[in-house]
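Structure assessment
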Amino acid sequence: MHNGPKVVIYKDKPGRNDANTNQACAALQWSQSMTGEIALFVGFGSGRIMSFVYNNSDGSFSQSSAVSIGVPVQCLVSASDFVLVGCADGGLRLLPLVTGSKFHQGQRPTLWNNVHGSQERGKRSASITCCSLIPTRNNTWLGTTGAEDG
């Protein structure tokens, strides 16, 4: 591992650290597309998800895309054509990608509500705190999630 220069690629405005204004970085995920593009996906407590592209020739980053899902991000994992996001409301969201790093702006995320919650009416769903994906046969994916309640 090389201890190279440290570069700030994005700095959000300071905000109070409470449920309504939490801007903290919550999740990071590197990804490399079939074309070789290296992207960094970043999820924030504000519900914002951004992607940055790494330029291998000069070591720079540039913002590629951004979306807001409206609820705090807890974790995320990227695949070839989507990003899967675990959220504080207990929902799991699938965000389609147009390319290796650009979010599909015209398409709403697929939402699975109450992933780890009780089926009882009015009961709160546990936040999704970790998620993982692995490709299987026939262009399908196997996904797992963990929640704040164990």
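Structure shown above.
Just so it is clear, the model here is predicted, and its values are computed rather than measured.

This part is about the layout of surface pockets. Estimates place the volume of the second largest pocket at around 260 Å³. Around the second largest pocket, the lining comprises 13 residues; the ones closest to its centre are Ser 68, Ile 69, Leu 95, Arg 108 and Pro 109. When contributions to the lining of the second largest pocket are tallied by element, the ones reaching two or more residues are strand E4 (60-68) and strand E7 (92-96). Within the lining of the second largest pocket, the residues separate by chemical class into seven nonpolar, four polar and two charged.

For the structure on display, the rule yields one salt bridge. One salt bridge connects Arg 93 with Asp 89, and the closest N-O pair in it is separated by 2.9 Å. Residue Arg 93 is classed as buried on the basis of its relative accessible area, which comes to 8%. Asp 89 gets classed as partly exposed once you look at its relative accessible area, which sits at 34%.

Rules behind the numbers
- Residues numbered from 1 in each chain as written.
- Predicted model: local features only at pLDDT ≥ 70, side-chain atom pairs only at ≥ 80, totals over all residues.
- Heavy atoms only, no water.
- 1 Å grid on protein atoms, 1.4 Å probe; cavity = no way out; pocket = protein on both sides within 12 Å on 5 of 7 lines; lining within 4 Å.
- Points joined across faces, edges and corners; volume = space filled by probe spheres on them.
- Helix = DSSP H or I, 4+ residues; strand = E, 2+ residues; numbered from the N terminus.
- Nonpolar A, V, L, I, M, F, W, Y, C, P; charged D, E, K, R; others polar.
- Salt bridge = Lys/Arg side-chain N within 4 Å of Asp/Glu carboxyl O.
- Buried < 20%, exposed > 50% of the residue type's maximum accessible area, 1.4 Å probe, protein only.

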